[in-house]
Structures are given as structure tokens and as C-alpha cells.
Amino acid sequence: AQSVTQLDSQVPVFEEAPVELRCNYSSSVSVYLFWYVQYPNQGLQLLLKYLSGSTLVKSINGFEAEFNKSQTSFHLRKPSVHISDTAEYFCAVLIFNKFYFGSGTKLNVKP
Amino acid sequence: EAQVTQNPRYLITVTGKKLTVTCSQNMNHEYMSWYRQDPGLGLRQIYYSMNVEVTDKGDVPEGYKVSRKEKRNFPLILESPSPNQTSLYFCASSSPPQWVQYFGAGTRLSVL
């Protein structure tokens, strides 16, 4: 069965500190990988994606994620977070036309 | 403006009363999908559609129906809602090869 695991349900961090949100997936076939962000009372927005090519992908607001095939991981990182990054983050995979989402990680950035 | 529109945003109903949540996209996307979001469970896919008249089950299809008669519309039908279908529902659309999903604002459903 396919699955996506986000082990950390909540991550508190101080402003300007680095952060890593972990995502692991289980699949024996090739996948496409995504990170989405959800701000309070809103729908989800794409943060970044990996389809092929370079295993390190970056977003316009300083986040990056690295696809590690051997560890079946796609962890999200940011070297210095801002208060405005407070949101819930979801990892997702696309396998044979079906999307699977993780349970989400709430990032709480404190001043 | 590119968007996915869901209606209604909020809905309170009673057990057994049929309801439909509409979803429309203006991006000519081939792929459309319905999700439910529950605390601690993330988003779970209910149904998806690869194109007109082509629909398939996601992970949690029981109790739901969908149809795709036009490319832009993908309504979600609950023929006999039950309290365990109380949830936040999202519609999304995308297209290969980029597969970026665009989400609607959500429909919060309460079944009493």
C-alpha cells in the first residue's frame, strides 16, 4: 500500500532559526513529490515539487526540499524562518494518477 | 483569474438528506479531484477524474458519488449523508505533465 508519513505533527521554532519538516513515503515505483502549504482558513497552495532532474528543488520564498530515492524521503528545509511561515505543511506523492497526502506538520514560528 | 470554485462554503444538514457540493475550474484542466480533510489525517482522496466521463475511486470513496459531464465541473454527491461524513472538503484540479494541483477554498460540512 502507498503511504506518506510526516512524523512531526507540530514543530515549534523561533524566528530566524532553521527548520526541517520530514516526509517519507512508501512506494516501489517512481513517484512525483510535492509540498503544499495551508494557511488558516484557506485551501492548499503548492510550495515546491519534484518531477525529475535535479534532486534539490527550491521555492521562491526560501524553502528547499531534496528527493532521496534510497531513503524514500523528501524533507523540507528553510535556513531561516519568518513569522509569516506559520502554517500547516503537507507532503504529497502522485502514484499512478492518485494523490496521497501526509497527515500534515504545523509549523509554529515564535518571535 | 485562474481559480477553482466550490459551493457552498458552509453546509449544515441532517442525516439522510441528499446534498451536492459543486466544483468548477476555469483552467481547462484535465484532472479533477475531491478530498476530505480531517484533523490528524491530512487530506484523503475521495474520487478523481482524468477527463470527461472518466472517474475513479480514491482512498475513501464509500458514501460518495461524482460525475464529470463537462470538463470544467466535478460535483460531489452525498446521497445519504451520515455524521461520519462531517468534514472539510476540497476540490482540486491539475493537468499533466506538471501535475500542480489548484485547490478550492473548501466546503465545511456538518451532518447532524
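Not measured: the values here are computed from a predicted model. The numbering scheme is per chain: residues are counted from 1 as the chain's sequence reads. For this description, chains carry letters from A and ligands carry numbers from 1, given in the order in which they are written. Only residues with pLDDT of at least 70 get local features here, since the model is predicted, and only at 80 or more are side-chain atom pairs given and counted; chain-wide, interface and lining totals rely on the full set of residues. As a rule here, side-chain values come from all non-hydrogen atoms in the structure, and water together with hydrogens is ignored.

**Considerations on the overall build of chain B**
Move 1: A helix here means a DSSP run of H or I that spans at least four residues, while a strand means a run of E at least two residues long, and both kinds are numbered starting from the N terminus. When helices and strands are counted, chain B shows zero helices and 11 strands.
Move 2: The order of helices and strands in chain B, counted from the N terminus, is β-β-β-β-β-β-β-β-β-β-β.
Move 3: For the radius of gyration, the atoms used are the C-alpha atoms, and the globule rule reads 2.2 Å times the number of residues raised to 0.38. Taking 2.2 N^0.38 as the reference for a compact globule, 112 residues should give roughly 13 Å; the C-alpha atoms of chain B span a radius of gyration of 13 Å, in line with that estimate.
Move 4: A principal-axis box enclosing the C-alpha atoms of chain B has dimensions of 40 × 30 × 25 Å.
Move 5: Per-residue accessibility, obtained with a 1.4 Å probe over protein chains only, is compared with the maximum for each type, and a residue is labelled buried under 20%, exposed over 50%, and partly exposed between these values. Taken across its 112 residues, chain B has 51% of its residues classed as buried.
Move 6: Any two residues having at least one pair of non-hydrogen atoms within 4.5 Å are treated as being in contact. Sequence separation of 24 or more characterises 54% of the internal contacts of chain B that already satisfy a separation of 6 or more.
Move 7: Note on areas: Shrake-Rupley with a 1.4 Å probe; residue coverage comes only from the protein chains shown. A total of about 5,300 Å² of accessible surface is found on chain B, and carbon and sulfur atoms cover 51% of it.

**What to know about unusual backbone geometry**
Move 1: Note that the residue after Asn7 of chain B, namely Pro8 of chain B, is joined by a cis bond; omega there is -5°.
Move 2: Cis rather than trans, the peptide bond between Pro96 of chain B and Pro97 of chain B has omega equal to 5°.
Move 3: By the secondary structure assignment, Pro97 of chain B is in the loop between β9 (87-94) and β10 (102-103).
Move 4: Of note, the phi angle at Phe96 of chain A is positive, near 50°, even though the residue is not glycine.

Shape descriptors only; they carry no functional weight alone.
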